[in-house]
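One letter stands for each residue in the lines below.
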Amino acid sequence: MKRFFVLLLMIALFLSAAGGLSVAEPGKEDLSMLTYQQLLAVQADVSKVYSTYHTPTDAQKEFVLNLAKNEAQKHFAEKGLSVTGWAWYDSEYTYTKDWDFYTLQTHLDYRDSQKKSHQAKIYCEAYYQNGKFTLSYLTSNGTAVLDHRADYQGILWFTEPQPAINQETGIDLSRYTAKELTALYNRAERQIEATHSVSQEEQNTIMGYTKLELEQYLLEKDMELRGYAWYDSEYTYIRDWDYYWLETHVDYRTSSGSSKTDKLFSEFARISGDLQLVFLKMGSTVIVDRKNELAVVSENGIPRYSWAGEPGARTVSEAAEPTGEPVAVETSESGIEESAAPVSGENIINENGVWLSFSSASDEDLEAAVQMIHRQQRARLTTKIVLSEETVTVAKGKQVKLTAEVVDVPEDQKASHIIWTSSDAAVASCQNGSVSGKSNGQATITASCTLSDGTEMSAECAVTVYTPVTALQAGKKQFDLGVGESVTAEVSVQPKDASNPALRWESSDPSVASVSAAGVITGEGTGTAVITAHTVDGSEKQASFTVKSSKKDDLGRTISNSDGVALTILSMKQTKGSGYSKAENGNIFVLIEMQIENNSSREVAVNGVFSFDAICDDYSVDYSFTADMNTKSEIPTTELKPGKKIKGWKGFELPANWKELQVTFTPDVSFWGSGEKIEFVLYNK
C-alpha cells in the first residue's frame, strides 16, 4: 500500500498545482477535484461534526419530551380532554438537533368529553441555554398551543461551536446545519460513485490482467499457483479518475515445495481508453514496475495518463549496454556526427556504449558533446539509495525503523555513510533510520550519501504522524428491536483528539439486523445479530452490540374501538395443563390475561365464550372448555356498566409450535353502536 499513498500524494500535488479547491458556501462546494481518500476524509469529518453538534443524547431527548408532555397535557386538561397515552414505539419519536435548537415530532392518544378516543400529532421546538431547556413552540394537529418563536428568532446556538476546519475543502463544518451536513455527505458519496467507483467490468479486467501477469511470473520461477482470495470482501478496488488499485492475496507453492500466502497488489492506468498494467507486486517481490514510463497531463484539471514512450521501451533506470545505436547530441556545428560503431582511422569517443565521431567540430562543440555524454552517463547509472519504505504512518509516541541501502555502486567508487534528516523534527525525528512520531502532521525523512567522485544522492520517505484510537466505549450494548424499528448505536472514541475517529460498521447477519454507515441499526427479521464498530485508522479497536430483532405483538397494549370499549392485554402464559385438564398430545394451552373497560355511556354485553374468535397460523381455533379450566379466573359473561371494567383470562388450545395468534373480541353493542370488533396479535417467542 505504500506506493498507493505515494501516488495519492502525487495526485493531490497535481491537483493543487492545477489551482486547488476554493472555499464555497454550503451546497456549492467543489468536490470534483478531490481524490477518493480526500472524499472519505470529508465524510469522516461530516460524521464527526454531526455527532458533536447535531445528534441529541438520550438525556437530551428525555428533557425535550418531558417539556412537550407537560405543556401538551396542560393544554388538553384546560380543554376538558384526557390524555390516555403517548406513542408506544421509539420509532414513533423523531428528534432533530441543530446546536442548541431541538425539535420533536410524535403523537398522543386522548379522549373527548364523550369518552371517544382520538389521536393528535405533536410537534415542538426547544432551546438549551445556561444549562436549561426551554420550550419555545408547540403544536397539536398543526395548531399552535405555545408560540415564543419571536423570542428566539434566528438563534441556533447560544454557545459558539468550536471550529472544525475540513482540510480538503477549507470549510468550517461546525457552522453547517444538520441538513447541510447531510447534503454534503451525500454529495461526497455521489462524487465517489461518479469518479471513484470501480465497475464490475473494470474489476474483471483488472483481475484478469493481474492473474495473467502473475501466473506467467510463477511459471517462469517454477512456482505453483494454488488459488486466489475466496470472498469478494477480500478484494479491495480503489480508483482515482483514470488510476486504479487492487489489493488481495494469493496462495502458491514455492519452487522448494513450501506453501505461502502473500499480499497481491496491482496498479492500472487508463490509457487511450484501455486499462493497462503499471505495477504488480506479490509480497515484497516487485514483478512489474512501469511507473517511470507514465506521463500525466491535465484535462480540465483532471489527471489523465499516457506512456512517455512506446510500451516496453527501455527507461533511464535500466543499465545501458553497447548496442551500436547512436545517441542524439545537439551542437551548433555539423562537424559532430552520429555513428553506429567505431570507425577505424577516426577520432572516437566511446563511453558506455555511446559512439561519437568528429572531424571538423570546434573546441566548444567538443566540450558541449563531452558534457552531454557525461550527463547521459549519469542518467544511465543505476546507483541509488533504496529505502525499505517509501511512505510510513507512525502513531504519536511510537517508532518505526527504516533501512537504507546503496545499490549498484561502481567498482571504482565508494559510498559514504548514510545521513538521516527530517524536514520537520517537531513532527518526526530520525536517528540512524529510527523514526519517532512527535506530533500530528507530515514530514519527509531523507537518507543521503556521497560517492567518492563527489556525486550526491538521496532517497525520501513520506512520514505521517497521527494520534491513534486507543479505545471504543459503547453506550447501551444490547437492543431489543421490532422488525422495522431503528436505533442509533452510541460509541465514544478515545482519545477525543484521535486523528481519524471514523468507524466502519458491520452486522453478523444483515437479514436479522442491518447497520448504516452512521451506526443506525434496523431490525430486518427475527433472530439475534451482533453489530460491530471497527476503527479505520489501523488501531484495530472495536465495540460490539447484541441486537435481538422480533415481530412486536400487542402484549401490554390497550386497544379501543370507536364505541368506547377498551381492551388491554395484561399477560400471557403457556401450560400443558394438569389432572383431567391436559392438552392433547402435541398441543399446549395459551392463557391470556386481559382487562375490558366500558368507556361508553351504555351497558356492553360481554360473553366469555362467544365474544372471542381466534385464528392461529391461518387456521381457525375452536372453543376449548379445558383451556378455560386452566385459567385462574375466566372472563365472565356479564353486562358491563358504563365506566366499569372487568379482568379475567381467556384460554386457547394450540399446537405446541404455534407462531402467531390473532384474537378478535366482539362486544355485544349491536343494538346501539357499531359493534366494532377489537383485534390483537400475539407471537410465540
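Residues numbered from 1 in each chain as written. Predicted model: local features only at pLDDT ≥ 70, side-chain atom pairs only at ≥ 80, totals over all residues. Heavy atoms only, no water.

Caption draft 1: Spotlight on the overall build of the chain. Regarding its fold elements, the chain presents seven helices and 47 strands. Burial analysis of the chain (685 residues in total) assigns 41% to the buried set. Element-wise, carbon and sulfur atoms account for 47% of the exposed surface of the chain, whose accessible area totals about 37,200 Å². (Helix = DSSP H or I, 4+ residues; strand = E, 2+ residues; numbered from the N terminus. Buried < 20%, exposed > 50% of the residue type's maximum accessible area, 1.4 Å probe, protein only. Areas by Shrake-Rupley, 256 points an atom, 1.4 Å probe, with all protein chains shown as cover.)

Caption draft 2: Structural context of the pattern of salt bridges. Taken as a whole and judged by the stated rule, the model has 15 salt bridges. The shortest N-O distance in the salt bridge between glutamate 224 and arginine 253 comes to 3.0 Å. Here the residue glutamate 224 occupies a position in strand 7 (residues 224-228), and arginine 253 occupies one in strand 9 (residues 243-253), the gap between them amounting to 29 residues. The partly exposed category is assigned to glutamate 224, whose relative accessible area is 43%. When its relative accessible area of 26% is taken as the criterion, arginine 253 is described as partly exposed. What you see here is one network of salt bridges that share partners, running through Glu160, Asp172 and Arg175. (Salt bridge = Lys/Arg side-chain N within 4 Å of Asp/Glu carboxyl O.)

Caption draft 3: Broad picture of unusual backbone geometry. The step from glutamine 494 to proline 495 runs through a cis peptide bond, and the omega angle for that step is -5°. Relative to the elements of secondary structure, proline 495 occurs in the loop between strand 30 (491-494) and strand 31 (503-507). Even without being a glycine, tryptophan 99 presents a positive backbone phi close to 55°. Examined against the element boundaries, tryptophan 99 turns out to sit in the loop between strand 2 (94-98) and strand 3 (101-111). For tryptophan 99, a relative accessible area of 4% corresponds to the buried category. With a phi angle near 55°, asparagine 141 is a residue other than glycine that sits in the positive phi range. Residue position: asparagine 141 is located in the loop between strand 5 (132-140) and strand 6 (143-147).

Caption draft 4: A look at the sheet that holds strand 46 (residues 660-665). Spatial ordering of the open sheet is given by 43-42-46-47, a layout of four strands whose pairing is antiparallel. Sheet topology places strand 43 (619-621) and strand 47 (678-683) at the edges, where each strand pairs with a single neighbour. Strand-to-strand, the axes of this sheet are offset by a mean angle of 25°, without reference to chain direction. In the sheet, strand 46 pairs with strand 47 via six bridges, with the strands oriented antiparallel. Paired with leucine 661 across the two strands is leucine 682, which belongs to strand 47. (Pairing = 2+ DSSP bridges. Axes fitted to C-alpha atoms, helices over the stretch in contact; angles between N-to-C directions.)

Caption draft 5: Quick look at the side chain of serine 549. Relative to the assigned elements, serine 549 resides in strand 35 (residues 542-550). Only 2.7 Å separates the side chain of serine 549 from the backbone oxygen of glycine 525, close enough to count as a polar contact. Discounting residues that sit within four places of it in the chain, serine 549 has contacts with Leu481, Gly482, Val483, Val512, Gly523, Glu524, Gly525, Thr526 and Gly527. (Polar contact = N/O pair within 3.5 Å; in protein donor to acceptor, adjacent residues only side chain to side chain. Contact = heavy atoms within 4.5 Å.)

Caption draft 6: Here's a closer look at the state of the cysteines. Summed over the entire model, instances satisfying the criterion amount to zero disulfides. No disulfide involves cysteine 430; its sulfur sits 8.9 Å from the nearest other cysteine sulfur, which is in cysteine 461. Classification of cysteine 430 by relative accessible area gives buried; the value is 17%. (Disulfide = S-S within 2.5 Å.)

Caption draft 7: Quick peek at a nonpolar patch on the surface. Together, Tyr623, Phe625 and Met629 line one region of the surface with nonpolar side chains, adding up to about 340 Å² of accessible area. In this fold, methionine 629 is placed in helix 7 (residues 625-629). (Patch = residues over 30% accessible without salt bridge, like charges linked within 9 Å, V, L, I, M, F, W, Y side chains within 5 Å.)

Caption draft 8: Just the environment of histidine 118, in detail. Here histidine 118 shows up in strand 4 (residues 117-129). Classification of histidine 118 by relative accessible area gives partly exposed; the value is 33%. Along the primary structure histidine 118 and valine 83 are separated by 35 residues, whereas in three dimensions their C-alpha atoms are 9.5 Å apart. At a separation of 2.8 Å, a polar atom in the side chain of histidine 118 contacts the side chain of aspartate 112.

Caption draft 9: Seen up close, the sheet that holds strand 23 (residues 428-431). The three strands lie next to each other as 20-24-23, forming an open sheet whose pairing is antiparallel. Both edges of this open sheet fall to strand 20 (399-401) and strand 23, since each of them pairs with a single strand only. The average undirected angle you get between the axes of adjacent strands in this sheet is 20°. Across three bridges, strand 20 lies against strand 24 (residues 434-437) in antiparallel orientation. Residue pairing across strands places valine 400 opposite valine 435, the latter belonging to strand 24.

Caption draft 10: Geometry of helix 5 (residues 200-220). Taking 1.5 Å of rise per residue, the 21 residues of helix 5 would be expected to cover 30 Å, and the 30 Å separating its terminal C-alpha atoms lies within 8% of that figure. Buried within helix 5 we find Glu202, Ile206, Met207, Thr210, Leu214, Tyr217 and Leu218. Buried residues in helix 5, looked at end-on, bunch into an arc of 120°, giving them a common side. In helix 5, the exposed residues that point more than 90 degrees away from the buried face are Gln200, Glu201, Leu212, Leu219 and Glu220. Residues of helix 5 that are buried make contact with strand 7, strand 8 (236-240), strand 9, strand 10 (259-271), strand 11 (274-282) and strand 12 (285-289). Positive backbone phi, at 60°, marks aspartate 222, one or two positions downstream of helix 5. (Expected span 1.5 Å × (residues − 1). Arc of directions from axis to C-beta.)

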